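Coordinate inspection notes
Spelled out, the chains give:
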Amino acid sequence: MTQRARRPVFLNLTQIAMPVGALTSIGHRISGVILAVAAPASIYLFALSMRDEMEYARVIQLSERFAFKAAAVIAVWALALRKMLAALMFIRRSHQHEITQEST
């Protein structure tokens, strides 16, 4: 084997096309992480708002901030994206299952 053949190959990752299954899997994992962070925060804020009127007013005041609104929108989009990606993965798997059944 020559020296040139043993050299590492540079892979330009921006030019590699990922299959749809890989993209849905990556998106599903990212949205799951976002929801794993958002769920405890939502539960904490709900519990805080139920303590008394002062804490409720504090949560309302917090919800008027842009960062809170942005985080809420991201959490809702993550939930919607997760449901959509789960449905696409289910459709893809059922389609693959039908193909394997037809070939046997």
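In case you missed it, the structure is sitting above this.
Going along each chain's sequence as written, the residues are numbered from 1 onward. Owing to the predicted nature of the model, reporting of local features is limited to residues with pLDDT of at least 70; listing and counting of side-chain atom pairs is limited to 80 or more, with chain, interface and lining totals taken over all residues. By convention in this description, side-chain values take in all heavy atoms of the structure and omit both hydrogens and water.

1. Notes on the environment of Val37
Tracing the backbone through its elements, the reader meets Val37 in helix α2 (residues 20-51). Burial status follows relative accessibility: with a 1.4 Å probe on protein chains alone, a residue under 20% of its type maximum counts as buried, one over 50% as exposed, and anything between as partly exposed. When its relative accessible area of 59% is taken as the criterion, Val37 is described as exposed. Spatially, the C-alpha atom of Val37 lies 9.0 Å from that of Ala75, the residues being 38 residues apart in sequence. Helix and strand assignments follow DSSP, with helices taken as H or I runs no shorter than four residues and strands as E runs no shorter than two, numbered in order from the N terminus.

2. Looking at the pattern of salt bridges
Salt bridges are identified by distance alone: a Lys or Arg side-chain nitrogen within 4 Å of an Asp or Glu carboxyl oxygen. Tallied over the full model, the rule gives 1 salt bridge. In this structure, Glu55 engages Arg58 in a salt bridge whose closest nitrogen and oxygen atoms are separated by 3.1 Å. Of this pair, Glu55 and Arg58 both sit in helix α3 (residues 53-63), separated by 3 residues, roughly a single helical turn. Residue classification places Glu55 among the buried positions, given a relative accessible area of 18%. Residue Arg58 is classed as partly exposed on the basis of its relative accessible area, which comes to 48%.

3. A closer look at the side chain of Ser31
Tracing the backbone shows Ser31 in helix α2. Looking at Ser31, the relative accessible area reads 1%, which means it is buried. In contact with Ser31, other than residues within four places in its own chain, are Ala78, Leu81 and Arg82. Throughout, a residue-residue contact means that at least one pair of heavy atoms, one from each residue, lies within 4.5 Å.

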